[in-house]
Amino acid sequence: AKKKVIGAMSYHAESANLQDCAISALWNLASPSMDKTYWEMVLHAMDMHADVATVQGSALGYFRSVMFYSDNRDTLMRLDLGSRIVSAMVRHRNEEMLQFKACAVLWILAEHHPFNCWTLQNLGAVEQLQRAADNFSSNTNLKRACQQTIIWILDY
């Protein structure tokens, strides 16, 4: 099933709706694949549809799941996931759920990983997390998560 989803993603790369559904399908198919081919397709969808919050949110959920199943942080940082997350946070600063997903993925990328923390600082992740915490201050869970992720990043 995953190969068919990837085939559809390749053939219909211009369709944001299909990309969003396909990423969600990959995310929900048992466990996310550890195959970089799938990651690259999801990253490509993030790049092609940077202005579509649902595609960005689905991609963030997918990568959160990928990292939950195994430690792929180094590889994903080399594939520029950190800069894509910060970019999505900037473009979609009014999308509360996207900010929450971005915070969760940044937390995982930074956790016990000094080089990733340094890279995320240089990409402006701390500033975007603070902006999300300020913009959605009535959402105490999001605010707390952003503040904890900022501390995590800065502690290294």
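In short, a report on the structure. (Residues numbered from 1 in each chain as written. Predicted model: local features only at pLDDT ≥ 70, side-chain atom pairs only at ≥ 80, totals over all residues. Heavy atoms only, no water.)

**Points about helix 9 (residues 125–135)**
Just so we agree on the cut-off: The classification of residues rests on relative accessible area computed with a 1.4 Å probe and restricted to protein chains. Under 20% of the type maximum is buried, over 50% is exposed, and intermediate values are partly exposed. Numbering of helices and strands starts at the N terminus; helices are DSSP runs of H or I of at least 4 residues and strands are runs of E of at least 2. Each direction from the helix axis to a C-beta atom contributes to the arc, which is the arc of those directions. Every residue pair with non-hydrogen atoms within 4.5 Å of one another is taken to be in contact.
Buried within helix 9 we find A125, V126, Q128, L129, A132 and A133. Along the axis of helix 9, the buried positions cluster into a sector of 165°, meaning they face one direction only. Where helix 9 is buried, its residues touch helix 6 (81–91), helix 7 (96–110), helix 8 (114–123) and helix 10 (140–155).

**A short note on the packing of helix 2 (residues 16–28) against helix 4 (residues 53–69)**
What counts, and what does not: Axes here refer to lines fitted to C-alpha atoms; in helices the fit is confined to the stretch in contact. Angles between the N-to-C directions go from 0 to 180 degrees. By definition in this entry, angles of less than 35 degrees are roughly parallel, angles greater than 145 are roughly antiparallel, angles of 65 to 115 are roughly perpendicular, and the rest are oblique. Two helices cross in a left-handed way if the nearer one is turned anticlockwise from the farther one by less than a right angle. They cross in a right-handed way if the turn is clockwise. Under the scheme applied here, ten amino acids are nonpolar (Ala, Val, Leu, Ile, Met, Phe, Trp, Tyr, Cys and Pro), four are charged (Asp, Glu, Lys and Arg), and all others, including Gly, are polar.
One can describe the packing of helix 2 onto helix 4 by two numbers: an axis separation of 9 Å at closest approach and a directional angle of 15°. Taken together, helix 2 and helix 4 sit at an angle that is classed as roughly parallel. Seen from above, helix 2 lies across helix 4 with left-handed handedness. Contact residues: helix 2 offers A16, Q19, D20, I23, S24, L26 and W27, while helix 4 offers T54, V55, S58, A59, G61, Y62 and S65. Among the residues forming the contact of helix 2 with helix 4, the class breakdown is seven nonpolar, six polar and one charged.

**Points about the pattern of salt bridges**
For the record, the criterion: Whenever Lys or Arg places a side-chain nitrogen within 4 Å of a carboxyl oxygen from Asp or Glu, that contact is recorded as a salt bridge.
Taken as a whole and judged by the stated rule, the model has two salt bridges. In this structure, the salt-bridge partner of R84 is D47, at a minimum N-O distance of 2.8 Å. Placement of R84 in helix 6 and of D47 in helix 3 (residues 36–48) is noted, with a sequence separation of 37 residues between them. In this structure, D51 and R91 form a salt bridge, with 2.4 Å as the shortest nitrogen-oxygen distance. One end of the pair, D51, is in the loop between helix 3 and helix 4; the other, R91, is in helix 6, with 40 residues separating them in the sequence. With relative accessibility at 60%, the residue D51 sits in the exposed group. Owing to a relative accessible area of 46%, R91 belongs among the partly exposed residues under this scheme.

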